[in-house]
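# Inside the fold
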Amino acid sequence: MTVSLEVAEGVGTLRLDRPPMNALDVATQDRLKELAEEATRRDDVRAVVIYGGEKVFAAGADIKEMQAMDHTAMVLRSRALQDSFTAVARIPKPVVAAVTGYALGGGCELALCADYRIAADNAKLGQPEILLGLIPGAGGTQRLPRLVGPSKAKDLIFTGRMVKADEALAIGLVDRVVPAAEVYAEAHAWAAKLAQGPAIALRAAKEAIDTGVETDLETGLAVERNWFSGLFATEDRERGMRSFVEEGPGKAKFL
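Residues numbered from 1 in each chain as written. Predicted model: local features only at pLDDT ≥ 70, side-chain atom pairs only at ≥ 80, totals over all residues. Heavy atoms only, no water.

### Focus: the pattern of salt bridges
Going by this rule: Just to be clear on terms, a salt bridge is a Lys or Arg side-chain nitrogen sitting within 4 Å of an Asp or Glu carboxyl oxygen. In this scheme, a residue with accessible area under 20% of its type's maximum is buried, one over 50% is exposed, and one in between is partly exposed, where area comes from a 1.4 Å probe on protein chains only.
Inspection of the entire model under this criterion finds 15 salt bridges. The closest approach of N and O atoms between Arg-18 and Asp-25, which form a salt bridge, is 3.3 Å. Judged by relative accessible area, which is 23%, Arg-18 ranks as partly exposed. Here Asp-44 and Arg-42 are joined by a salt bridge, their closest N and O atoms 2.7 Å apart. Looking at Arg-42, the relative accessible area reads 26%, which means it is partly exposed. One connected set of salt bridges, linked through shared partners, spans Arg-18, Asp-25 and Asp-62.

### Section: the layout of surface pockets
Counted only if it meets this: In the cavity and pocket records, a cavity denotes points on a 1 Å grid over the protein atoms alone where a 1.4 Å probe fits but cannot get out, a pocket denotes an open set with protein on both sides within 12 Å along at least 5 of 7 lines, and lining residues are residues with an atom within 4 Å of a point. Grid points are joined across faces, edges and corners, and a volume is the space filled by probe spheres set on the points. Starting at the N terminus, helices and strands are each numbered in turn, a helix being any DSSP run of H or I of at least four residues and a strand any DSSP run of E of at least two. Following the grouping adopted for this structure description, the nonpolar residues are Ala, Val, Leu, Ile, Met, Phe, Trp, Tyr, Cys and Pro, the charged ones are Asp, Glu, Lys and Arg, and the polar ones are all others, Gly among them.
Volume-wise, the largest pocket comes out at about 1,100 Å³. Together, 38 residues line the largest pocket, and Ala-89, Arg-143, Asp-210, Val-213 and Glu-214 are the ones closest to its centre. The set of elements that each furnish at least two residues to the lining of the largest pocket consists of α3 (71–89), α5 (140–148), α8 (183–195) and α9 (199–212). Residue contributions to the lining of the largest pocket peak at eight residues, all from α9. A breakdown of the residues in the lining of the largest pocket according to their chemical character gives 17 nonpolar, eight polar and 13 charged.

### Regarding the sheet that holds strand β8 (residues 162–164)
Keep this limit in mind: DSSP calls a pair of strands paired once it identifies at least 2 bridges connecting them. Lines fitted to C-alpha atoms define the axes here, with helix axes fitted over just the stretch in contact, and angles between the N-to-C directions of these axes take values from 0 to 180 degrees.
Across the sheet, three strands lie side by side as β5-β7-β8; this open sheet has mixed pairing. Looking at the sheet topology across the chains shown, the edges are occupied by β5 (102–104) and β8. Along the sheet, successive strands turn relative to each other by an average axial angle of 20°, direction set aside. Both β5 and strand β7 (residues 124–126) contribute to a ladder of three bridges, which runs parallel. Paired with Tyr-102 across the two strands is Lys-124, which belongs to β7.

### Comments concerning the pairing of strand β1 (residues 3–8)
Across six bridges, β1 lies against strand β2 (residues 11–16) in antiparallel orientation. What sits directly across from Val-7, in β2, is Gly-12. Counting the residues in the hairpin turn of β1 and β2 gives two residues, including Glu-9, whose phi is positive at 55°.

### Structural notes on the side chain of Glu-109
Rules: Counted as positive: Lys and Arg. Counted as negative: Asp and Glu, with His and the chain ends omitted from the count. Any pair of N or O atoms that falls within 3.5 Å is considered a polar contact. Within protein, one atom must be able to donate a hydrogen and the other to accept it, and sequence-neighbouring residues count only if both atoms are side-chain atoms. Here a residue-residue contact requires only that any non-hydrogen atoms of the pair lie within 4.5 Å.
By the secondary structure assignment, Glu-109 is in helix α4 (residues 106–112). For Glu-109, which is buried and forms no salt bridge, the nearest opposite charge comes from Arg-143, at a distance of 6.8 Å. A polar contact of 3.4 Å, which involves the side chain of Glu-109, links it to the backbone nitrogen of Gly-137. Within polar-contact distance, the side chain of Glu-109 engages the backbone nitrogen of Gly-139 at 3.2 Å. Apart from residues no more than four positions distant in its own chain, Glu-109 is found in contact with Phe-85, Gln-127, Glu-129, Pro-136, Gly-137, Ala-138, Gly-139 and Gly-140.

### Remarks on the packing of helix α1 (residues 26–41) against α3
Quick note on the threshold: Left-handed describes a crossing whose near helix is turned anticlockwise from the far helix through less than a right angle; right-handed describes the clockwise counterpart.
Where α1 contacts α3, the two axes come as close as 8 Å, and the packing angle between them is 40°. Pair α1 / α3 crosses with left-handed handedness. For the pair formed by α1 and α3, the contact residues are Val-26, Gln-29, Asp-30, Leu-32, Lys-33, Ala-36 and Glu-37 on the first element and Arg-77, Leu-81, Asp-83, Ser-84, Ala-87 and Val-88 on the second.

### Observations regarding the packing of α9 against helix α10 (residues 217–230)
So the rule is basically this: Roughly parallel refers to an angle under 35 degrees, roughly antiparallel to one over 145, roughly perpendicular to one between 65 and 115, and oblique to any angle outside these ranges.
At their nearest, the axes of α9 and α10 sit 9 Å apart, and the two run at 170° to each other. In this view, α9 runs roughly antiparallel relative to α10, as classed from their interaxial angle. Between α9, through Ile-200, Ala-204, Glu-207, Ala-208, Thr-211 and Gly-212, and α10, the contact on the second element is made entirely by Gly-220, Val-223 and Trp-227. Looking at the contact of α9 with α10 residue by residue, the class counts come to five nonpolar, three polar and one charged.

### Concerning the sheet that holds strand β4 (residues 95–99)
The six strands lie next to each other as β1-β2-β3-β4-β6-β9, forming an open sheet whose pairing is mixed. In the strand order of this sheet, the two ends are held by β1 and β9 (176–178), each with one partner. If you compare each strand with its neighbour and ignore which way they point, the axes differ by 20° on average. In the sheet, strand β6 (residues 116–120) pairs with β9 via three bridges, with the strands oriented parallel. Residue pairing in the sheet places Ala-119 in a bridge with Val-177 of β9.

### Regarding the side chain of Gln-127
Within the secondary structure, Gln-127 is located in the loop between β7 and α5. Reaching out from Gln-127, the side chain makes a polar contact with the backbone oxygen of Gly-105 at a distance of 3.4 Å. One polar contact links Gln-127 to Glu-129, side chain to side chain, over a distance of 3.1 Å. Contact partners of Gln-127, with chain neighbours within four places excluded, come to Gly-105, Cys-108, Glu-109, Leu-112, Pro-136, Gly-140, Leu-144, Leu-156, Ile-157, Gly-160 and Arg-161.

By themselves, these are just geometric observations and shouldn't be taken as functional.
Next comes the structure, spelled out in structure tokens:
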């Protein structure tokens with residue numbers, strides 16, 4: 001399989017495995033969607049790491065496969081392409097991308113679907129589709145400006161240039177940069193810590209934030225208000241408050 005889901009300690013690792021560069025062909029896209037939906041459903045998956053291996057995250061789409069497609073074929077395929085990435089973005093659990101080597105085109109767009117991005121110090125990210133006479137088609141024109149701002153997104157998309165890890169960190173494209181050998185371990189540790197947290201509250205926080213940035217403030221506040229009050233019906237809220245009162249802050253166990 002070109003993508004696998006491995007679960008340990010409450011963390012599901014979505015592992016891309018299509019050597020040598022993890023090119024995201026149609027079969028890989030479809031498998032990614034299938035496993036993202038599985039990770040969403042599974043109770044034993046409480047947080048997710050997206051990982052491409054020690055050498056490369058994903059160097060983009062399969063250009064040879066795309067070259068053989070005409071306009072009609074891509075009209076039929078483009079929605080499925082976006083849906084595969086959206087399935088990752090909509091996993092209602094904390095998701096971290098562990099970025100090694102190249103994350104270009106579709107690879108960068110996949111990293112954008114995560115809630116948090118930890119990059120290797122040798123990572124290179126970018127949206128080079130313009131160099132093929134195209135634009136990003138798996139969410140790059142929408143998720144990238146929402147993350148780094150329209151001006152920086154236009155610079156990357158208009159020029160197609162790659163950015164190294166230090167620049168990616170400076171513009172907010174990634175959140176942490178660590179030595180290459182430590183990327184997966186750091187990402188797994190981030191996910192494992194959150195996997196111990198209150199699952200419904202984390203889901204609520206993610207949905208409130210993601211919905212809020214897409215809408216007006218009043219609507220966002222309504223979403224927050226509904227989730228906030230709804231959480232008072234959960235066992236995790238009872239456990240968290242009881243622990244705070246009896247033991248002090250930060251000692252609640254939610255599993």
